[in-house]
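Chains, contacts and geometry: an overview
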Amino acid sequence: MRFYYPEQTVAQWARPAAPRIAANVAALNFNYDIRRDKHFPWSPAQVFDDGAHVYIKLPEDARHGEAPALFLVAEDGSRSLLNYAVIGDTYVTDRLFDEAVLVVGVNGKECTLVLDRRGAP
């Protein structure tokens, strides 16, 4: 027999979870080139990967605005939705990518922020 306490479950869901990042800090890759349209509302506070997932940390001013969608950009320039979770203030992708784009509508127009691992030094 199990007992179910909905208040505890709801409280647990309401707490922002911290993303789990690789234990070896030296293995983190911060080499991402970021290019944004002039009207994109913000730039990420940090972008890095741990060899398995990419972490896009949102700045304070992005936490209460419209959340952009994250797309994978293929070699031919086509886009497909990238699987990710928003954990607290961080987008966490389910895989690495060479290029991705955050897309948000601003005044009825598409604005983008490109994240490029290939173009970084």
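That block above? That's the structure.
Worth saying up front: this structure is predicted, and the values here are computed from it rather than measured.

Glancing now at the overall build of the protein chain. Along its length, the protein chain carries one helix and nine strands. For the protein chain, the N- to C-terminal ordering of α and β elements is α-β-β-β-β-β-β-β-β-β. Contacts spanning at least 24 positions in sequence make up 53% of the contacts within the protein chain whose residues lie at least 6 apart. Carbon and sulfur atoms provide 52% of the accessible area of the protein chain, an area that totals close to 8000 Å².

With that settled, the discussion passes to the sheet that holds strand β3 (residues 54-57). Here four strands make up an open sheet; going across it, the order is β2-β3-β7-β6 and the pairing antiparallel. This sheet does not close on itself; its edge strands, each paired only once, are β2 (46-49) and β6 (84-87). Geometrically, the sheet is characterised by an average inter-axis angle of 20° between neighbouring strands, direction not taken into account. The pairing of β6 with strand β7 (residues 90-93) spans four bridges and is antiparallel. Directly across from Ile 87, in β7, lies its bridge partner Thr 90.

Turning to unusual backbone geometry, a few remarks are in order. Trans peptide bonds make up most of the peptide bonds, and negative phi angles are found at most residues other than glycine. The phi angle at Asn 107 is positive, at roughly 50°, despite the residue not being glycine. When you line up the elements, Asn 107 lands in the loop between β8 (99-106) and β9 (109-116).

A few words on the nonpolar core. The biggest cluster of nonpolar side chains holds 19 residues, and the ones touching the most others in it are Phe 40, Ile 56, Leu 70, Phe 97 and Leu 102. If you list the elements that add at least two residues to this core, you get β3, β4 (69-73), β8 and β9.

What counts as what
- Residues numbered from 1 in each chain as written.
- Predicted model: local features only at pLDDT ≥ 70, side-chain atom pairs only at ≥ 80, totals over all residues.
- Heavy atoms only, no water.
- Helix = DSSP H or I, 4+ residues; strand = E, 2+ residues; numbered from the N terminus.
- Contact = heavy atoms within 4.5 Å.
- Areas by Shrake-Rupley, 256 points an atom, 1.4 Å probe, with all protein chains shown as cover.
- Pairing = 2+ DSSP bridges.
- Axes fitted to C-alpha atoms, helices over the stretch in contact; angles between N-to-C directions.
- Core = buried A, V, L, I, M, F, W, Y, C linked by side-chain atoms within 4.5 Å.
- Buried < 20%, exposed > 50% of the residue type's maximum accessible area, 1.4 Å probe, protein only.

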